[in-house]
Amino acid sequence: MNVYDFTVKTRKGEDVALSDFKGKVLMIVNTATGCGFTPQYKQLQEIYDAEREKGFEILDFPCNQFADQAPGTDEEIHTFCTGRFGITFPQYAKVDVNGDNAIPLFRWLTENTTFGGFKGAAGLALGAVVKKTDKDYKNNGNVKWNFTKFLIDREGNIIGRFEPTDSMDAVKEAVEAAL
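Residues numbered from 1 in each chain as written. Predicted model: local features only at pLDDT ≥ 70, side-chain atom pairs only at ≥ 80, totals over all residues. Heavy atoms only, no water.

**Student:** I'd like a description of the overall build of the protein, backed by residues and values.
**Tutor:** Assigned secondary structure in the protein consists of 5 helices and 6 strands. The order of helices and strands in the protein, counted from the N terminus, is β-β-β-α-β-α-α-α-β-β-α. Its C-alpha atoms give the protein a radius of gyration of 15 Å, near enough to 16 Å, the size a compact globule of 179 residues would have. Along the three orthogonal principal directions, the C-alpha set of the protein runs to about 40 × 30 × 30 Å. Going through the 179 residues of the protein one by one, you find that 52% of them count as buried. Intrachain contacts of the protein at a sequence separation of at least 6 include 70% that bridge at least 24 residues. Of the accessible surface of the protein, which amounts to about 8400 Å², a share of 48% is contributed by carbon and sulfur atoms. (Helix = DSSP H or I, 4+ residues; strand = E, 2+ residues; numbered from the N terminus. Rg over C-alpha atoms; globule rule 2.2 N^0.38 Å. Buried < 20%, exposed > 50% of the residue type's maximum accessible area, 1.4 Å probe, protein only. Contact = heavy atoms within 4.5 Å. Areas by Shrake-Rupley, 256 points an atom, 1.4 Å probe, with all protein chains shown as cover.)

Listed below in structure tokens is the structure:
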């Protein structure tokens, strides 16, 4: 099984087969508009602008599971992201990434990766918050917070996972190496 086995919904409710992205390097990310990590949209767009012509795509999945930080409709979220950060990469329908209602794509991503740990001062604070709802958070692959990123190679395999506190420079380097 790989990423090409999944279908997702656009923000307009249309099905998109991820097999349409065969041969591209993908970054799949769960996002939120009201999160302390929301400024990462700017850095993601910069990476996208620099690498898109080489076969790189970002697939953005808004998620409201973490402190209700992605309120609003899919269109409201999209308007915020394009207006505030100028994003041009595809933004899909809002999803659940954990639990009974998690979409199959994120179930597969979390079952096939491990949590990499939070880093820095933000990581200490975030760890304390996450531990309140997931006592065993360090030992399972669930998405812990908004802006968790999964890197997929050109063959549809997971080759990296980046937690929201990971350096965006490290994310950029991994994308460049995959390309």
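**Student:** Can you lay out helix α3 (residues 104-111) for me, pointing to particular residues and giving the numbers?
**Tutor:** Every buried residue of α3 is listed here: Leu 105, Phe 106, Trp 108, Leu 109 and Thr 110. Residues of α3 that are buried sit in contact with β1 (7-9), β3 (25-31), β4 (56-62), β5 (149-152) and β6 (158-162).

**Student:** Please give an account of the packing of helix α1 (residues 40-51) against helix α5 (residues 168-178) that cites residues and values.
**Tutor:** α5 packs onto α1 with a crossing angle of 20° between their chain directions and a minimal axis gap of 11 Å. Viewed along their axes, α1 and α5 adopt a mutual orientation that is roughly parallel. Between α1 and α5 lies a crossing of right-handed hand. Within the contact between the two elements, α1 uses Gln 40, Gln 43, Leu 44, Ile 47 and Glu 51 and α5 uses Met 168, Val 171, Lys 172, Val 175 and Glu 176. (Axes fitted to C-alpha atoms, helices over the stretch in contact; angles between N-to-C directions. Parallel < 35°, antiparallel > 145°, perpendicular 65-115°, else oblique. Left-handed = near helix turned anticlockwise from the far one by under 90°.)

**Student:** Account for the environment of Ala 67, with residues named and values stated.
**Tutor:** Inspection of the secondary structure puts Ala 67 in the loop between β4 and α2 (74-85). In this structure, the C-alpha to C-alpha distance between Ala 67 and Trp 145, residues 78 residues apart in sequence, is 9.0 Å.

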